[in-house]
Amino acid sequence: MRLGLIAGNGRFPFLALEGARRLGHEVTIVAIREETSPALTEAAAVQPPADLHWVSLGQVGKCIAILQAAGVTRAVMAGQVRHTRLFADVVPDLTGLKVLSRLRTRNTDAVISAVADVLADHGIELVNSTAFLQPLLAAGGVLTARAPSADERADLDFGYRMADAVAGLDIGQTIAVKDRAVVAVEAMEGTDAVIARAGDLAGPGVRIVKVAKPAQDMRFDVPVVGLPTLAALEKAGARVLSVDAGRTLVLDGAEFYARADAQGAVVVGREVKVG
């Protein structure tokens, strides 16, 4: 069965392509020109080659036509579109206009849910975005050599309540806390930017809590961390990061945890009951 891969930014599309190939899928990629790395062209050409098509943001109808022509009935969304793109000069096609007409708000969940609904209307099911990357999902418990101190644990426990509330409102998925005070809250700027801002505001010692939404739709906008996250932590003087176990992708796998240990950082996988 041929799989559709709708590619956004970052390394996620590359890893999803590798995972799909390992499981024997033929792949048709629709890459968003404004977001996806041009290096995906080279990755797509690796044997067995994947069909690669480029579309502009807003060309939902063109994306659907490409997938339908390839016989795709199941697709995975790999990689994000920067939330600030909602305010860019996007020129939607007719199908894109239908997506926009369904929106009551323009937050992330609303936009991507509307796209998923339109895909389904055309016989294309959007599946779990982590389906081919299960080994990269964060495990539960302390994931690094160093465990959090009592003070760090207290900040995390404080932060979870705040982060869950913010994520539940679909504002952002990351907050920074220090001494049981919220230092910074993510909105559209992304995780690395909010970590940098927290370091500027409160100096070394901020603790970072990244959560999935309480009703996280695993088809899209799944929390992601990787080596750039650790670089942002180090630059900000932050040494504690919590992510949600089973609902956060750690894109660099074992290398991520080795680098965290080298930095003296703590990474915790919070175990959350779902449903």
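Residues numbered from 1 in each chain as written. Predicted model: local features only at pLDDT ≥ 70, side-chain atom pairs only at ≥ 80, totals over all residues. Heavy atoms only, no water.

1. A word on the overall build of the chain
For the chain, the helix and strand inventory stands at 9 helices and 13 strands. Radius of gyration (C-alpha) of the chain: 19 Å, near the 19 Å computed for a compact globule of 275 residues. Its C-alpha atoms give the chain principal-axis dimensions of about 55 × 40 × 35 Å. Sorting the 275 residues of the chain into buried and exposed places 51% on the buried side. (Helix = DSSP H or I, 4+ residues; strand = E, 2+ residues; numbered from the N terminus. Rg over C-alpha atoms; globule rule 2.2 N^0.38 Å. Buried < 20%, exposed > 50% of the residue type's maximum accessible area, 1.4 Å probe, protein only.)

2. Side note on the pattern of salt bridges
Going through the model one piece at a time under the given rule, you end up with 17 salt bridges. Between Asp51 and Arg2 there is a salt bridge, with its nearest N and O atoms 3.6 Å apart. In this pair, Asp51 sits in strand β3 (residues 51-55) while Arg2 sits in strand β1 (residues 2-7), placing the two residues 49 residues apart along the sequence. Of the residues examined, Asp51 reaches a relative accessible area of 39% and is grouped as partly exposed. Among the ionic pairs, Glu189 bridges to Arg197, the shortest N-O distance being 2.5 Å. For Glu189, a relative accessible area of 33% corresponds to the partly exposed category. Here the salt bridges do not stand alone but share partners, grouping Asp151, Asp155, Arg180 and Arg207 into one network. (Salt bridge = Lys/Arg side-chain N within 4 Å of Asp/Glu carboxyl O.)

3. What to know about the sheet that holds β1
Sheet architecture is open: 5 strands sit in the order β3-β2-β1-β4-β5, paired in parallel fashion. Each of the sheet's edge strands pairs with one partner strand only, and the pair in question is β3 and β5 (125-127). For this sheet, the mean angle separating the axes of adjacent strands, direction not counted, is 30 degrees. (Pairing = 2+ DSSP bridges. Axes fitted to C-alpha atoms, helices over the stretch in contact; angles between N-to-C directions.)

4. Some words on a nonpolar patch on the surface
Together, Leu169, Ile171, Val182 and Val185 make up a nonpolar patch on the protein surface, roughly 330 Å² of accessible area in all. Position of Val185 among the secondary structure elements: in strand β8 (residues 181-185). (Patch = residues over 30% accessible without salt bridge, like charges linked within 9 Å, V, L, I, M, F, W, Y side chains within 5 Å. Areas by Shrake-Rupley, 256 points an atom, 1.4 Å probe, with all protein chains shown as cover.)

5. Brief notes about the packing of helix α7 (residues 191-202) against helix α8 (residues 227-236)
As a packed pair, α7 and α8 sit with axes 8 Å apart at the nearest point and diverge in direction by 10 degrees. Taken as axis vectors, α7 and α8 run roughly parallel relative to one another. The segment α7 lies against α8, with Thr191, Asp192, Ile195 and Gly199 engaging Pro228, Thr229, Ala232, Leu233 and Ala236. By residue class, the composition of the contact of α7 with α8 is 5 nonpolar, 3 polar and 1 charged. (Parallel < 35°, antiparallel > 145°, perpendicular 65-115°, else oblique. Contact = heavy atoms within 4.5 Å. Nonpolar A, V, L, I, M, F, W, Y, C, P; charged D, E, K, R; others polar.)

6. Some points on the sheet that holds strand β7 (residues 174-178)
Ordered in space as β6-β13-β11-β9-β7-β8, the 6 strands form an open sheet in which the pairing is mixed. Two strands in the sheet have a free side with no partner beyond their single neighbour: β6 (141-142) and β8. Direction of pairing for β7 relative to β8: antiparallel, over a ladder of 4 bridges. Bridge pairing in β8 links Val177 to Val182.

7. Details of the nonpolar core
Ile195, Ile208, Leu233, Leu241, Phe256 and Tyr257 are the most contacted members of the largest nonpolar core, which has 25 residues in total. Those elements giving two or more residues to this core turn out to be β8, α7, α8, β11 (240-244) and α9 (253-263). Those residues within four positions of Phe256 in sequence are excluded, and the remaining contacts are Val225, Gly226, Leu227, Leu230, Leu241, Val250 and Val267. (Core = buried A, V, L, I, M, F, W, Y, C linked by side-chain atoms within 4.5 Å.)

8. Some details on the packing of aromatic side chains
Each aromatic ring pair is described using two quantities: the centre-to-centre distance and the angle formed by the ring planes. Counting across every chain of the model gives 1 aromatic pair. Ring geometry for Phe256 against Tyr257: centres 5.3 Å apart, planes inclined by 90 degrees, an arrangement best described as edge-to-face. Of the two residues, Phe256 and Tyr257, neither departs from the other in class, the shared state being buried. A cation over a ring is seen here: Arg270 above Tyr160, with NZ or CZ 4.6 Å from the ring centre. (Phe/Tyr/Trp six-rings, centres within 6.5 Å; stacked < 30°, edge-to-face > 60°. Lys NZ or Arg CZ within 6 Å of the ring centre and 35° of its normal.)

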